[in-house]
Amino acid sequence: MVRFQIPTTNHIFPPEPTNCISNLLSKSHQCLNLLKLCSSTNLSQIHAQIHVYGLQNHAHLLSELVRFCALSPSKNLSYARSLLYNSAASAPISWNMVIRGYASSDTPREALLVFLDMKRRGVRPNKLTFPFLVKACAESFALEEGKQIHVEVVKCGLACDVYVNNNLVHFYGSCKKVLDACKVFDEMGERSVVSWNAVITACVESGWLGDAIGYFVKMMDFEFEPDETTMVVVLSACVKLGNLSLGKWIHSQVIERGIVLNCQLGTALVDMYTKCGAVAYARLVFNTMKERNVWTWSAMILGLAQHGYATEALKLFSTMMKSSLIRPNYVTFLGVLCACSHAGMVDDGYRYFHEMGRVHRIKPMMIHYGAMVDILARAGHLKEAYNFITNMPIEPDPIVWRTLLSACSIHDANDVKEVQDEVRKRLLELEPKRSGNLVIIANMYAEVGMWDKAAWVRRLMKDVGLKKIGGESSIELGGSIRRFYSGDDSHIDLEGTYELLDSLNLHMKMVNFLS
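Residues numbered from 1 in each chain as written. Predicted model: local features only at pLDDT ≥ 70, side-chain atom pairs only at ≥ 80, totals over all residues. Heavy atoms only, no water.

As recorded in an unreviewed UniProt entry, the chain goes by the name Chlororespiratory reduction 2, listed as coming from Dipteronia sinensis.

Dropping the structure here:
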């Protein structure tokens, strides 16, 4: 047993030697009250007093002591663990609390080690043990360990427990094992809304978007009422699909079912509408929201900026700063910089970029540096953009260099040749086998009549087996997305499509001729 230092002065309460059971109960009651008022600084004193009065084997008192160490805001998981290991007899609830504490900590794998010690000591796990163990595996992406825990679940006869299964679905989804997540869900005899949310989330996060929508429809067919979380997840699937009609239908379900438009759901709707191009609808939702957080404002500002409404985006940012207590975050400033890029506001872009760090203490990320390069490159300040990249405090990624290289092909500046050669060299060093880079370079040579070099780049691509990624476009028709790929002649309506294009082309020529 670990020896704890027992203070000889300044007792929390003075010891009164007695053999009376009522006094022992009174002392245990006092200890429980002190634990409720306890801070981490006087925890050892309370523990010492517990030993002074011989209450170290008091099951409820030990459980409360472990609970405080494992789950309170000022938790000390190492202390909680030592309490378990040095206790003559500890109930499963105490072990569960330590496992739960580790599962929510920065070291979730420690929960698995505690579980192994629990088994070695002959303490039988129960249905409250496994959800936190599975959560720990999900947090640390420990697939093999999670599968072993799944086996333990079956051995303990808990394969039908809805709470355990919900966490298993979430675990397999977190590890991108969608088939396993769906299998656990499909075999569940009892489900809750959380179960449906878990399987829909697993599908969305792994790109199984059609399956996610299918489960959502089944959920309503089985008369489960979706909640705010369900709608947020399904709206994220609409964003990835780029399906505005589906997003509008989800919005109609929110209204029809009387689901409260809280901050999270409202923000998801704003994000869906902006990313699907319906900025007016996004603005309508934004204006009707009673509560907004920084993510709501940021989604609206970024959406306006990305669709060319630079003035409106910057005006909304100004309104946020003046009329609310909400402080901007890194996404907010991404929207602001994007707006400056579209509006050609170089000086304002610099000002906002420096304010982000100096005033708001937001450390610029690679995406912010890329946005600043885009501002300079779009305005034709190619040399300045190059110097900005070379002076970045972090190593620039290929996207930043590619942004500048693309700008070099559309600007006719005096220093474009010098910058273009340097950027091309840096980009090829970082991504020598990326076909997109070589295509840009070949096109640049062709545009200035350097056909030999253009042909050499194309030949190089052919020799190493690199192919240009085919262009893709899509349209929404009748609520479904039709995709078209460059060079793909397998589309069922190909002949009719070309006839329509020829008709539109002829119509434009006639309009141009008559005007």
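Structure shown, so let's carry the discussion forward.
Peer 1: Is there a simple way to think about the overall build of the chain in this case?
Peer 2: For the chain, the helix and strand inventory stands at 27 helices and two strands. Within the chain, the fraction of its 515 residues that count as buried is 43%. Accessible area for the chain stands at about 28100 Å²; split by element, carbon and sulfur atoms hold 55% of it. (Helix = DSSP H or I, 4+ residues; strand = E, 2+ residues; numbered from the N terminus. Buried < 20%, exposed > 50% of the residue type's maximum accessible area, 1.4 Å probe, protein only. Areas by Shrake-Rupley, 256 points an atom, 1.4 Å probe, with all protein chains shown as cover.)

Peer 1: In this structure, what is going on with the environment of R424? I would like to understand it.
Peer 2: In this structure, R424 sits in helix 24 (residues 416-430). Spatially, the C-alpha atom of R424 lies 6.9 Å from that of L405, the residues being 19 residues apart in sequence.

Peer 1: Teacher, can you tell me more about the side chain of N243 here?
Peer 2: The topology assignment puts N243 in the loop between helix 13 (228-241) and helix 14 (244-256). Among the polar contacts listed, one links the side chain of N243 to the backbone nitrogen of L246, at a separation of 3.0 Å. (Polar contact = N/O pair within 3.5 Å; in protein donor to acceptor, adjacent residues only side chain to side chain.)

Peer 1: Please clarify how the packing of aromatic side chains should be interpreted in this entry.
Peer 2: Note on aromatic pairs: each is described by the distance of the centres and the angle between the planes. Scanning the model with the defined rule gives 17 aromatic pairs in all. Seen from their ring centres, F185 and W196 are 4.8 Å apart, and the 70 degrees between their planes marks the pair as edge-to-face. Of this pair, F185 sits in helix 10 (residues 178-186) while W196 sits in helix 11 (residues 193-205), and the two are eleven residues apart along the sequence. Of the residues examined, W196 reaches a relative accessible area of 1% and is grouped as buried. With a centroid separation of 5.9 Å and an interplanar angle of 40 degrees, the aromatic rings of W196 and F222 are classed as tilted. (Phe/Tyr/Trp six-rings, centres within 6.5 Å; stacked < 30°, edge-to-face > 60°.)

Peer 1: Sorry if this is basic, but what is going on with the pattern of salt bridges here?
Peer 2: Think of it this way: side chains of opposite charge can pair up when their charged atoms draw near. The full count for this structure, using the stated rule, is ten salt bridges. A salt bridge links E225 to R257; the shortest N-O distance between them is 3.0 Å. Remark: R257 occurs in the loop between helix 14 and helix 15 (263-275) and E225 occurs in the loop between helix 12 (209-221) and helix 13; sequence separation between them is 32 residues. By relative accessible area, R257 is classed as partly exposed at 27%. Two residues, D271 and K275, come together in a salt bridge whose shortest N-O distance is 3.2 Å. Of this pair, D271 and K275 both sit in helix 15, four residues apart, roughly one helical turn. Residue class for D271 comes out partly exposed when judged on its relative accessible area of 22%. Each member of the salt-bridge network shares a partner with another, and the members are D348, R351 and E355. (Salt bridge = Lys/Arg side-chain N within 4 Å of Asp/Glu carboxyl O.)

Peer 1: Whenever I open this one, the packing of helix 6 (residues 110-120) against helix 8 (residues 143-155) confuses me. Can you help?
Peer 2: Two quantities define a packed helix pair, namely the angle between the axes and the distance from one axis to the other. Viewed as axis vectors pointing N to C, helix 6 and helix 8 meet at an angle of 35 degrees, and their least axial separation amounts to 12 Å. The element helix 6 and its partner helix 8 pack so that their crossing is left-handed. Here L112, F115 and K119 of helix 6 come into contact with helix 8, specifically with E145, I149 and E152. (Axes fitted to C-alpha atoms, helices over the stretch in contact; angles between N-to-C directions. Left-handed = near helix turned anticlockwise from the far one by under 90°. Contact = heavy atoms within 4.5 Å.)

Peer 1: Can you help me understand helix 10 in this one?
Peer 2: Of all the positions in helix 10, only V178, A181, C182, V184 and F185 are classed as buried. Seen from one end, helix 10 has its buried residues packed into an arc of 160 degrees, which puts them on one side. Buried positions along helix 10 lie against helix 8, helix 9 (162-174), helix 11 and helix 12. (Arc of directions from axis to C-beta.)

Peer 1: Help me out: how do you make sense of the nonpolar core in this one?
Peer 2: What tends to happen in soluble globular proteins is that the nonpolar side chains get buried as a cluster. Ranked by size, the top nonpolar core spans 137 residues in total, and within it F130, I200 and L404 carry the most contacts. Not counting the four nearest positions on each side in its chain, F130 is found in contact with F115, P125, I149, E152, V153, C156, L158 and V164. (Core = buried A, V, L, I, M, F, W, Y, C linked by side-chain atoms within 4.5 Å.)

Peer 1: Please clarify how the packing of helix 5 (residues 92-103) against helix 7 (residues 130-139) should be interpreted in this entry.
Peer 2: For the pair helix 5 and helix 7, interaxial distance at closest approach is 9 Å and the crossing angle is 20 degrees. By the criterion of interaxial angle, the relationship of helix 5 to helix 7 is roughly parallel. Note that helix 5 runs across helix 7; the crossing there is left-handed. When helix 5 is examined against helix 7, the residues N96, I99, R100 and A103 are found in contact with a partner set consisting of F132, L133, K135, A136 and E139. For the contact of helix 5 with helix 7, the class distribution of residues is five nonpolar, one polar and three charged. (Parallel < 35°, antiparallel > 145°, perpendicular 65-115°, else oblique. Nonpolar A, V, L, I, M, F, W, Y, C, P; charged D, E, K, R; others polar.)

Peer 1: I tried to follow a nonpolar patch on the surface on my own but got confused; where do I start?
Peer 2: Together, Y498, L500, L501, L504 and M508 give the surface a local cluster of nonpolar side chains, amounting to about 530 Å² of exposed area. Structurally, L504 can be placed in helix 27 (residues 494-514). (Patch = residues over 30% accessible without salt bridge, like charges linked within 9 Å, V, L, I, M, F, W, Y side chains within 5 Å.)

Peer 1: Any chance you could explain the UniProt feature "repeat: PPR" (unreviewed entry) in the chain here in plain terms?
Peer 2: With numbering matched to this structure, UniProt assigns "repeat: PPR" (unreviewed entry) to residues 91-125, 192-226 and 293-328. Strand forms 0% of residues 91-125 and helix 66%; the C-alpha atoms that close the span are 10 Å apart. Span residues 192-226 is 74% helix and 0% strand, its end C-alpha atoms 10 Å apart. (UniProt positions renumbered as here; feature names shortened; annotations may be inferred.)

Peer 1: It is not clear to me how unusual backbone geometry should be interpreted in this structure. Could you clarify?
Peer 2: The phi torsion of most residues other than glycine is negative, and most of the peptide bonds are trans. Backbone geometry at F141 places phi at a positive 50 degrees, although glycine is not the residue there. Following the sequence through the fold, F141 ends up in the loop between helix 7 and helix 8. The phi dihedral of K176 is positive, around 65 degrees, even though this residue is not glycine. With relative accessibility at 48%, the residue K176 sits in the partly exposed group.

Peer 1: I tried to follow helix 11 on my own but got confused; where do I start?
Peer 2: Working note: α-helix, 3.6 residues per turn, so residues spaced by three or four point in the same direction. Helix length check: helix 11 (13 residues) gives 18 Å between terminal C-alpha atoms against 18 Å at 1.5 Å per residue, within 8%. Listing the buried residues of helix 11 in full gives S195, W196, N197, A198, V199, I200, A202, C203 and V204. Buried-residue contacts for helix 11 involve helix 9, helix 10, helix 12 and helix 13. Positive phi shows up at G207, right after helix 11, with a value of about 85 degrees. (Expected span 1.5 Å × (residues − 1).)

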